[in-house]
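Remarks on the overall topology
Take a look at the letters that make up each chain.
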Amino acid sequence: MRKKIKIADLGIQVVLFLAGLAVFLLTNEEQLYFYFYYLLGSWQILSLLIHHIDNRGLQFFQKRRIYSQAIAGVFITGAISLLLLIFKTPVIIFYLFGLLLLSPFLAIWYMSICYREILQLRKRELIHLK
């Protein structure tokens, strides 16, 4: 059952990523692209939180911890940028531009962690069959 949920999670991530990429490359609908952008990001953060709460049998707990630290750094940097915006410092523009460029790499990184966990679960099932 756990493997099916992980496969569904990864499948939804891949579909959202590819749909957003297709919208970005094939249309001029920037607003539609950002819907996929935020939807994928929200899905991955929700998945990360669920895996953090229920971490039974995680094979790549260390990699997930490093990823969650990177995400926490992104949120802290964003909060600092928002605070600087109160003081009329336009640092938020640099943060948002950096986030726009960095987010696809973070999404791929998280999908690779999920994929490797699925492969590890399959190996574990094969070992039990011997």
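Residues numbered from 1 in each chain as written. Predicted model: local features only at pLDDT ≥ 70, side-chain atom pairs only at ≥ 80, totals over all residues. Heavy atoms only, no water.

With 24 residues, helix α2 (residues 30-53) should reach 34 Å at 1.5 Å per residue; the first-to-last C-alpha distance of 35 Å fits that figure. Taken together, the buried positions of α2 are Tyr 33, Tyr 37, Leu 40, Gln 44, Ser 47, Leu 48 and His 51. (Helix = DSSP H or I, 4+ residues; strand = E, 2+ residues; numbered from the N terminus. Expected span 1.5 Å × (residues − 1). Buried < 20%, exposed > 50% of the residue type's maximum accessible area, 1.4 Å probe, protein only.)

What follows is about a nonpolar patch on the surface. Among the surface-exposed residues, Val 14, Leu 18, Leu 21, Phe 24, Leu 25 and Leu 26 lie close enough to one another that they form a single nonpolar patch of about 610 Å² accessible area. Mapped onto the fold, Leu 18 is located in helix α1 (residues 2-26). (Patch = residues over 30% accessible without salt bridge, like charges linked within 9 Å, V, L, I, M, F, W, Y side chains within 5 Å. Areas by Shrake-Rupley, 256 points an atom, 1.4 Å probe, with all protein chains shown as cover. Salt bridge = Lys/Arg side-chain N within 4 Å of Asp/Glu carboxyl O.)

Moving on: the side chain of Lys 6. If you trace the backbone, Lys 6 turns up in helix α1. In this structure Lys 6 comes out as buried when scored by relative accessible area, which is 7%. For Lys 6, the side chain forms a polar contact with the side chain of His 51, separated by 2.8 Å. (Polar contact = N/O pair within 3.5 Å; in protein donor to acceptor, adjacent residues only side chain to side chain.)

Put simply, the largest pocket is a space of about 720 Å³. Sorting the residues of the lining of the largest pocket by element identifies α1, α2, α3 (61-86) and α4 (91-129) as the ones contributing at least two each. In terms of residue count, α2 provides more of the lining of the largest pocket than any other element does, eleven residues in total. Partitioned by chemical class, the residues of the lining of the largest pocket number 23 nonpolar, five polar and no charged. A volume near 280 Å³ is recorded for the second largest pocket. Lining of the second largest pocket is provided by twelve residues; of these, Ile 5, Lys 6, Asp 9, Ile 50 and His 51 occupy positions nearest its centre. Put simply, the parts of the chain that give the lining of the second largest pocket at least two residues each are α1 and α2. Here the lining of the second largest pocket is built from residues that sort into six nonpolar, two polar and four charged. (1 Å grid on protein atoms, 1.4 Å probe; cavity = no way out; pocket = protein on both sides within 12 Å on 5 of 7 lines; lining within 4 Å. Points joined across faces, edges and corners; volume = space filled by probe spheres on them. Nonpolar A, V, L, I, M, F, W, Y, C, P; charged D, E, K, R; others polar.)

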